[in-house]
Amino acid sequence: MITHPSRYCTVELQALPARIGQVRRIVSAQLRYWHMDPLIDRASLGVTELLSNVHRHAQPDKICTVELEVLLDRLKVSVRDHDPRLPVVGDAAPLATCGRGLAMVAAMSESWGALPDGEFGKVVWFTLPAPSAAPVADWDHYPRITTGEHAVRRFAEVTLVEHVVEERRSEPAPARSAVVG
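Model, not experiment: these values are computed from the prediction.

## Here's the deal with the overall build of the protein
Then, number 1: Looking only at helices and strands, the protein features 3 helices and 8 strands.
Then, number 2: When the helices and strands of the protein are listed from N to C terminus, the series reads β-β-α-α-β-β-α-β-β-β-β.
Then, number 3: Of all 181 residues assigned to the protein, the portion counted as buried reaches 31%.
Then, number 4: At a minimum sequence separation of 6, the contacts of the protein that also span at least 24 residues come to 56%.
Then, number 5: About 12000 Å² of surface is accessible on the protein, with carbon and sulfur atoms providing 57% of the total.

## Things to note about the nonpolar core
Then, number 1: In this structure, Val23, Leu31, Trp34, Val47, Leu51, Leu75 and Val79 are the most contacted members of the largest nonpolar core, which totals 31 residues.
Then, number 2: Going through the elements one at a time, strand S2 (8–14), helix H1 (17–33), helix H2 (40–57), strand S3 (63–71), strand S4 (74–81), helix H3 (101–108) and strand S6 (122–129) are the ones with two or more residues in this core.
Then, number 3: With 6 residues, the single largest contributor to this core is H2.
Then, number 4: Beyond its immediate chain neighbours, meaning those up to four positions away, Leu31 contacts Met36, Asp37, Leu39, Ile40, Ala43 and Leu75.

## Some thoughts on the confidence of the model for the protein
Then, number 1: Overall, the predicted model of the protein reaches an average pLDDT of 78, with 70% of residues at or above 70.
Then, number 2: For residues 133–170, every residue scores under 50 in pLDDT, and the model assigns this stretch 46 contacts once sequence neighbours within four places are set aside.
Then, number 3: Here residues 175–181 is a poorly scored stretch, pLDDT under 50, and it has 11 contacts once near neighbours within four places are set aside; other chains count.

## Observations concerning the pairing of S6
Then, number 1: For S6, the buried fraction is high: 7 of the 8 residues fall into the buried class.
Then, number 2: With 8 bridges joining them, S4 and S6 adopt antiparallel strand pairing. Each bridged residue has a counterpart across the sheet, and for Leu75 the counterpart in S6 is Leu128.
Then, number 3: The pairing of strand S5 (residues 111–116) with S6 spans 6 bridges and is antiparallel. Paired with Leu115 across the bridge in S6 is Val123.
Then, number 4: Following S5, the chain reverses through 5 residues before pairing antiparallel with S6; Gly118 in that reversal takes a positive phi of roughly 75°.

## Some points on the side chain of Ser44
Then, number 1: As for its position among the elements, Ser44 is in helix H2.
Then, number 2: Judged by relative accessible area, which is 7%, Ser44 ranks as buried.
Then, number 3: Apart from residues no more than four positions distant in its own chain, Ser44 is found in contact with Arg24, Val27 and Ser28.

## So, the packing of aromatic side chains
Then, number 1: Under the counting rule described, the total for this entry stands at 0 aromatic pairs.
Then, number 2: Lying over the aromatic face of Trp125, Lys76 brings its terminal NZ or CZ to 5.5 Å of the ring centre.

## Remarks on the environment of Ala114
Then, number 1: In this fold, Ala114 is placed in strand S5.
Then, number 2: The class for Ala114 is partly exposed, based on a relative accessible area of 23%.
Then, number 3: Residues Ala114 and Leu86, spaced 28 residues apart in sequence, show a C-alpha to C-alpha distance of 6.4 Å.
Then, number 4: Excluding residues that lie within four positions of it along the chain, Ala114 makes contacts with Leu86, Pro87, Val123, Val124 and Trp125.

## Let's talk about the pattern of salt bridges
Then, number 1: In total, this model carries 6 salt bridges according to the counting rule given.
Then, number 2: The partner of Arg80 in a salt bridge is Asp117, with the nearest N and O atoms 3.1 Å apart. Taken together, the residues span a long stretch of sequence, with Arg80 in strand S4 and Asp117 in the loop between S5 and S6 at a distance of 37 residues.
Then, number 3: Here Arg80 falls in the partly exposed class, since its relative accessible area comes to 27%.
Then, number 4: Classification of Asp117 by relative accessible area gives partly exposed; the value is 31%.
Then, number 5: In this structure, Asp83 engages Arg85 in a salt bridge whose closest nitrogen and oxygen atoms are separated by 2.5 Å.
Then, number 6: Assessed through its relative accessible area of 3%, Asp83 is described here as buried.

Procedures and definitions
Residues numbered from 1 in each chain as written. Predicted model: local features only at pLDDT ≥ 70, side-chain atom pairs only at ≥ 80, totals over all residues. Heavy atoms only, no water. Helix = DSSP H or I, 4+ residues; strand = E, 2+ residues; numbered from the N terminus. Buried < 20%, exposed > 50% of the residue type's maximum accessible area, 1.4 Å probe, protein only. Contact = heavy atoms within 4.5 Å. Areas by Shrake-Rupley, 256 points an atom, 1.4 Å probe, with all protein chains shown as cover. Core = buried A, V, L, I, M, F, W, Y, C linked by side-chain atoms within 4.5 Å. pLDDT = per-residue confidence, 0-100. Pairing = 2+ DSSP bridges. Phe/Tyr/Trp six-rings, centres within 6.5 Å; stacked < 30°, edge-to-face > 60°. Lys NZ or Arg CZ within 6 Å of the ring centre and 35° of its normal. Salt bridge = Lys/Arg side-chain N within 4 Å of Asp/Glu carboxyl O.

Structure follows, in structure tokens:
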């Protein structure tokens, strides 16, 4: 089941290898839809590691829910399963073929954690900083580029205009950058 009102998306699945690849593609498509393309690689890696842990370790079943949520200036990715045992970051031997997943999630994310979820489950999550260049959805609030007379011409100053009184053009305005040059 997939739901995605505005900035929230959930996928319920059985954490099997074929399903993990499908969820990775769903995460990529959802982040593209939200114009968060720079987060695709890290979010896909993180969700793959968390789902792999469910596949390897979760008892009594492999059913879980992946949630994507945009919270102000960050993306939160959560995986809920029915196993109450919280994960532990282990020290993998140099030649070990597994045991580094949570350490990778910790290294590539802004923050991460695991919490009990009711009596019979847990949620493991991580956050990524959202791209700062998200498109402005409201046409009445758009950035205006201004430069001061005494300002160094290295960067332009960006101000947010609350209500624009000038007449609207019938064609879209050209794209503008906050960086001069």
